[in-house]
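Examination of the molecular architecture
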Amino acid sequence: MTEAIDYARYDRIRPIRWNGESLELLDQRKLPFVEEYMRCAGSDAVAMAIRELVVRGAPAIGIAAAWGVVLAARTVEAADGAAAAAVLEPALQRLNAARPTAVNLAWALARMRAALLIAGDDWRAVLEREAQAIETEDLAANRRMGELGAALIAPGSGVLTHCNTGSLATAGFGTALGVIRAGVAQGRIGKVFADETRPWMQGSRLTVWELQQDGIDATLIADSAASHLLKNGEVEWVVVGADRICANGDVANKIGTYQLAISARFHGKKVMVVAPSSTVDMATPSGDAIEIEERDPGELLGVNGGRTVAEGVRAWNPVFDVTPAALIDAIVTEKGVVERPDAEAMRALFGG
Ligand code: MRU
């Protein structure tokens, strides 16, 4: 029997708070040294917060956008949901345009739009219930994935994770970090390594901080130390999240995931991708069709506002990459696990 997970200990951080009037977002640009919530009173403030990484992580940006629609609704007078939908569409488009790669953003907005289109004169309440449902379902999915993913890990294993996939990136508990939390709680995971995740440093600024909050012992490594770690035998699984999972099992995730997967395969280690079904995009056939976000090259040219690179140097800053399905051993979702993913195995679980 697996040991029950003490969520009071392992699920305490909330990056998104709806207070009934406005949206409060834990400002992830300031972590780990300043814990401050930014208040958003309108949908354009939410779009800005998504664009600027105040809130980040695929599920979290979808949830924030859903609450953004609730805020946009405050400025609209309409007799029913269909009439409101027409007026709100530009605000939905602006939220959708905030970031291109994580499908959870478009997924959450499509859900809000669909709920609105069939709503009557209580359409404002319908929108608020839908946003709350998106958030609540994400938390439940994460807890389920924690159990399913941890069950794949042999007792005593070491794991390496990339980027931040924890509470900060979701409604709570996390995806890949949820599996790590569950695995530690159940005594399956012996050692946790997190890489820095240059250039935005989600690993060193967010992931190891989150683990520290839970009292989970973790070791930070430079991104460039990963192959050396995978070679020396302390890690059995690379456990990561996803921003979009295609119909053939290709996975877009934080830049650097692809090279980790290549290295893991070379060294006989396994790769687990953990993501809710809201990250699965059966309408995108393969990773080649995914738009990869490119951010300000300035992220590469300095640290903490101080420049570290000679003036005049050019930099290129794609922030996601695509790991081919062939390099992935398991995709864990709340609906079940796809082992050795390909188009047929994906269809078997997700249809379409
Ligand atoms: O640019 P970010 O920080 O939003 O990128 C986040 C990631 O790539 C995560 O791995 C992914 O969204 C999964 S989070 C549960």
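About the cut-offs
Residues numbered from 1 in each chain as written. Predicted model: local features only at pLDDT ≥ 70, side-chain atom pairs only at ≥ 80, totals over all residues. Near = placed C-beta within 6 Å. Helix = DSSP H or I, 4+ residues; strand = E, 2+ residues; numbered from the N terminus. Nonpolar A, V, L, I, M, F, W, Y, C, P; charged D, E, K, R; others polar. Domains from an automatic or database assignment. Axes fitted to C-alpha atoms, helices over the stretch in contact; angles between N-to-C directions. Parallel < 35°, antiparallel > 145°, perpendicular 65-115°, else oblique. Left-handed = near helix turned anticlockwise from the far one by under 90°. Contact = placed C-beta atoms within 7 Å. UniProt positions renumbered as here; feature names shortened; annotations may be inferred. Buried ≥ 20, exposed ≤ 12 C-beta atoms within 10 Å, placed from the backbone.

What follows covers the site of the ligand. Taken together, 17 residues sit near the ligand, with Arg 56, Ala 58, Ala 169, Gly 241 and Lys 254 positioned nearest. Every element with two or more residues in the shell around the ligand is listed here: α3 (58–73) and β9 (251–254). Tallied by class, residues from the shell around the ligand come to seven nonpolar, seven polar and three charged. Here the shell around the ligand gathers at least three residues from each of two domains, domain 1 (7–141) and domain 2 (143–350).

Glancing now at the packing of α3 against helix α5 (residues 103–117). Contact geometry of α3 with α5 gives a least axis separation of 7 Å together with a crossing angle of 30 degrees. For the element pair α3 / α5, the angle class is roughly parallel. Handedness of the crossing formed by α3 with α5: right-handed. Seen from α3, the contacting residues are Ala 58, Pro 59, Ile 61, Gly 62, Ile 63, Ala 65, Ala 66 and Val 69; seen from α5, they are Asn 104, Leu 105, Trp 107, Ala 108, Leu 109 and Met 112. When grouped by side-chain class, the residues that make up the contact of α3 with α5 number 12 nonpolar, two polar and no charged.

On to the UniProt feature "active site" (unreviewed entry) in the chain, then. The UniProt feature table records "active site" (unreviewed entry) at Asp 243. Locating Asp 243 in the fold gives a position in the loop between β7 (237–240) and β8 (244–246). With 30 C-beta atoms packed within 10 Å, Asp 243 lands in the buried category. Aside from chain neighbours lying at most four places away, what touches Asp 243 is Ala 58, Thr 101, Ala 102, Ala 252, Asn 253, Thr 279 and Phe 320.

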